[in-house]
Amino acid sequence: MNNNVMNIIKGFPTPPKDYYKVYVRTCTYNQSVYIEDCLNGGAIQETDFPFVHHVIDDASTDGEQEIIKSWMNRECDEDNAKYYDNDVCTITIAKHRKNPNYTIVAYFLKRNMYNNPGKSLLYKPWQDVCLYFALCEGDDYWTSPKKLQKQYGLLEAHPEYSLCHHNHLILHDGRLTERNENIPHEQDLLSIAENNTVHTLTMFYRNIGQPVVPQDFPFKYPVYQFFMNLRLAEFGKIVYIDEPMAVYRVNEGGIFSMKSLRRQYTMSIGNVINMIDWYTKGKKRPDVVKVLKKKARIMSKSYMKIAKDNSSLSDFFYFARKSLRFWL
C-alpha cells in the first residue's frame, strides 16, 4: 500500500460488523443551497434497522461544509459524536437525536478529489459490512419516511431481485411534476440495456460481494450509474415500486449542460462504449452488445441532428465519424 493511500485512511475508524444493514452514500460539491433537504430526507427514514449515511463533501467552496456542520449541531447528538482528522479530511460521526437508527458520517475533504479513485477508500470498509446500498446526490432528496424500509423489505423477501428503484417527482423552476413514463415492474439485463429506467436517487441494491464496477477492467471513460444498473442486473432482476418517494432537482448550468456539444457526446457515448467493451471482453453477452450498439447509433443520430440544426458541419461529421464503430 503506497503512502498516498495510507494517508487517505490513516487514523480513520473501522466500522462495526453486523450492525448497519444499509449504507447510504451522498457525494456532494458546492450544493450548499440544497444539502439540508438531502440530509433531512435521510433523517426522516422510519426503519426497523440501523443505517449509516455517508456524506462526502469534496472540498466545496460555497460554504457547504459549514452548512452540514451546522445541521449536525442542530439535529445530532453532539455530546457523543466522534471526530477524526488527517491530511486528507476530517470525519464527524454522530447519531440523530430523534432517529436512533440514523447515523451520519460526514467527510469534509481538505482538497478536491473529483475522479480520484482513492476517495472510495474512505467509504469502502463501511460498504463491505452492509447488506444493501442506497444513493442520493446532494441536490436531490427523499420525501417518504418509508422509502428505505419498503425497499429493504422487498429485497429481503425476494432474493431474485438485485436492485429496487421507485417513482419520483421532478422539481424544475420551483414546480413539482410527475414523471410521464411507463416503467416495467421488472426488468432484466437485456431490457435495462435497451431502456434504462433507473435514476440514482431511487436506487437501493444488494451487496453483491464484489465491486459493482470491476476494478481490474480497462475502462476507457469514467464509469457512470448506467453501467451500475446493467452490472447489477447480472446478479438478479430489477424491480420497480410505482410510488413517488423522492424529488429529483433539475438544475440549469450543471456540469453536463455547461460542456461543449462534442464533450457532451463524449461523456454520453463513452458510458455506452464502456458497457460495450465490458460485454464484449468481460462478461461476454453478444445480445446485450447488439442492443447497446443500437442505442449508441440512436444517440449519435440525435447529436448529428443538433449539429445540423446549429449549422455546424464540423460537429456533424465528427459525430458521424465517431458513430461508425457502432455499425460494425
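Remember, predicted model here, so these are calculated numbers, not experimental data. (Residues numbered from 1 in each chain as written. Predicted model: local features only at pLDDT ≥ 70, side-chain atom pairs only at ≥ 80, totals over all residues. Heavy atoms only, no water.)

Visitor: Before we go on, may I ask you to explain the sheet that holds strand β11 (residues 186–187) in this structure?
Guide: With mixed pairing, ten strands are arranged side by side in an open sheet as β3-β4-β5-β2-β1-β6-β12-β8-β13-β11. Of all strands in the sheet, those with a lone pairing partner are β3 (82–85) and β11, marking the two edges. Relative to strand β12 (residues 204–206), strand β8 (residues 161–166) runs antiparallel, the two sharing two bridges. Among the inter-strand pairings, Leu163 is bridged to a residue of β12, identified as Tyr205. Across the face of the sheet, helix α3 (residues 64–75) comes into contact with β1 (22–28), β2 (51–57), β4 (89–95) and β5 (102–109) while running at roughly 155° to β5. Across the sheet, helix α7 (residues 225–233) is in contact with β6 (132–135), β8, β12 and β13 (237–241); its angle to β8 comes to roughly 140°. (Pairing = 2+ DSSP bridges. Helix = DSSP H or I, 4+ residues; strand = E, 2+ residues; numbered from the N terminus. Contact = heavy atoms within 4.5 Å. Axes fitted to C-alpha atoms, helices over the stretch in contact; angles between N-to-C directions.)

Visitor: Looking at this structure, I do not really get the environment of Val247. What am I missing?
Guide: Within the secondary structure layout, Val247 lies in strand β14 (residues 246–249). Along the sequence, Val247 and Tyr224 sit 23 residues apart, while their C-alpha atoms lie 20 Å from each other. With near-sequence residues (within four places) excluded, Val247 lies in contact with Asp140, Tyr141, Thr143, Leu169, Leu171, Leu176 and Leu201.

Visitor: It is not clear to me how unusual backbone geometry should be interpreted in this structure. Could you clarify?
Guide: Generally, phi is negative for residues other than glycine and the peptide bonds are trans, each holding for most cases. The backbone of Ala59 shows a phi angle near 60°, a positive value even though the residue is not glycine. Position of Ala59 relative to the elements: it lies in the loop between β2 and α3. If you check the backbone angles, Ser311 has positive phi at about 55° while not being a glycine. With respect to the element layout, Ser311 can be found in the loop between α9 (286–309) and α10 (313–322). Residue Ser311 is classed as exposed on the basis of its relative accessible area, which comes to 66%. (Buried < 20%, exposed > 50% of the residue type's maximum accessible area, 1.4 Å probe, protein only.)

Visitor: How do you make sense of the packing of α9 against α10 when you look at a structure like this?
Guide: Axis angle and axis distance: for two packed helices, these are the angle between their axes and the distance between the axes, and together they describe the pair. Interaxial distance between α9 and α10 falls to 8 Å at its minimum, and their mutual angle equals 170°. Relative to α10, the element α9 lies roughly antiparallel. Mapping the contact onto sequence places Ser300, Tyr303, Met304, Ala307 and Lys308 in α9 and Asp315, Phe316, Phe319 and Ala320 in α10. Across the contact of α9 with α10, the residue classes tally to six nonpolar, one polar and two charged. (Parallel < 35°, antiparallel > 145°, perpendicular 65-115°, else oblique. Nonpolar A, V, L, I, M, F, W, Y, C, P; charged D, E, K, R; others polar.)

Visitor: For this particular structure, what's the right way to read the side chain of Ser162?
Guide: By the secondary structure assignment, Ser162 is in strand β8. One polar contact links the side chain of Ser162 to the main-chain carbonyl oxygen of Leu232, over a distance of 2.7 Å. One polar contact links the side chain of Ser162 to the main-chain carbonyl oxygen of Gly236, over a distance of 3.2 Å. Among residues more than four places away in sequence, those in contact with Ser162 are Leu155, Phe204, Tyr205, Arg206, Leu232, Ala233, Phe235, Gly236 and Lys237. (Polar contact = N/O pair within 3.5 Å; in protein donor to acceptor, adjacent residues only side chain to side chain.)

Visitor: What exactly am I supposed to notice about the pattern of salt bridges here?
Guide: Where charged atoms of side chains with opposite charge meet at close range, the side chains can pair. Going through the model one piece at a time under the given rule, you end up with 17 salt bridges. For the salt bridge of Arg262 with Asp315, the shortest nitrogen-to-oxygen distance reads 2.6 Å. Pair noted here: Arg262 is in helix α8 (residues 261–282) and Asp315 is in helix α10, with a separation of 53 residues, a long-range link. Classification of Asp315 by relative accessible area gives buried; the value is 14%. Close ionic contact of Asp309 with Lys305 constitutes a salt bridge, the shortest N to O distance being 2.9 Å. (Salt bridge = Lys/Arg side-chain N within 4 Å of Asp/Glu carboxyl O.)

Visitor: How should the packing of aromatic side chains be read in this particular structure?
Guide: For any two aromatic rings, the description comes down to two numbers: the centre-to-centre distance and the angle of the planes. In total, this model carries 20 aromatic pairs according to the counting rule given. Ring plane angle 75° and centroid distance 5.2 Å describe the contact between Phe219 and Phe227, whose orientation is recorded as edge-to-face. Taking the relative accessible area as the measure of exposure, Phe227 reaches 0% and is therefore buried. When the centroid spacing of 5.4 Å and the interplanar angle of 90° are considered together, the rings of Phe316 and Phe317 count as edge-to-face. For Phe316, a relative accessible area of 23% corresponds to the partly exposed category. One aromatic cluster is present, formed by Phe49, Phe51, Tyr102, Tyr132, Tyr152 and Phe204 through successive ring pairs. Directly above the ring of Trp142 sits Lys147, whose terminal nitrogen or CZ lies 4.7 Å from the centroid. (Phe/Tyr/Trp six-rings, centres within 6.5 Å; stacked < 30°, edge-to-face > 60°. Lys NZ or Arg CZ within 6 Å of the ring centre and 35° of its normal.)

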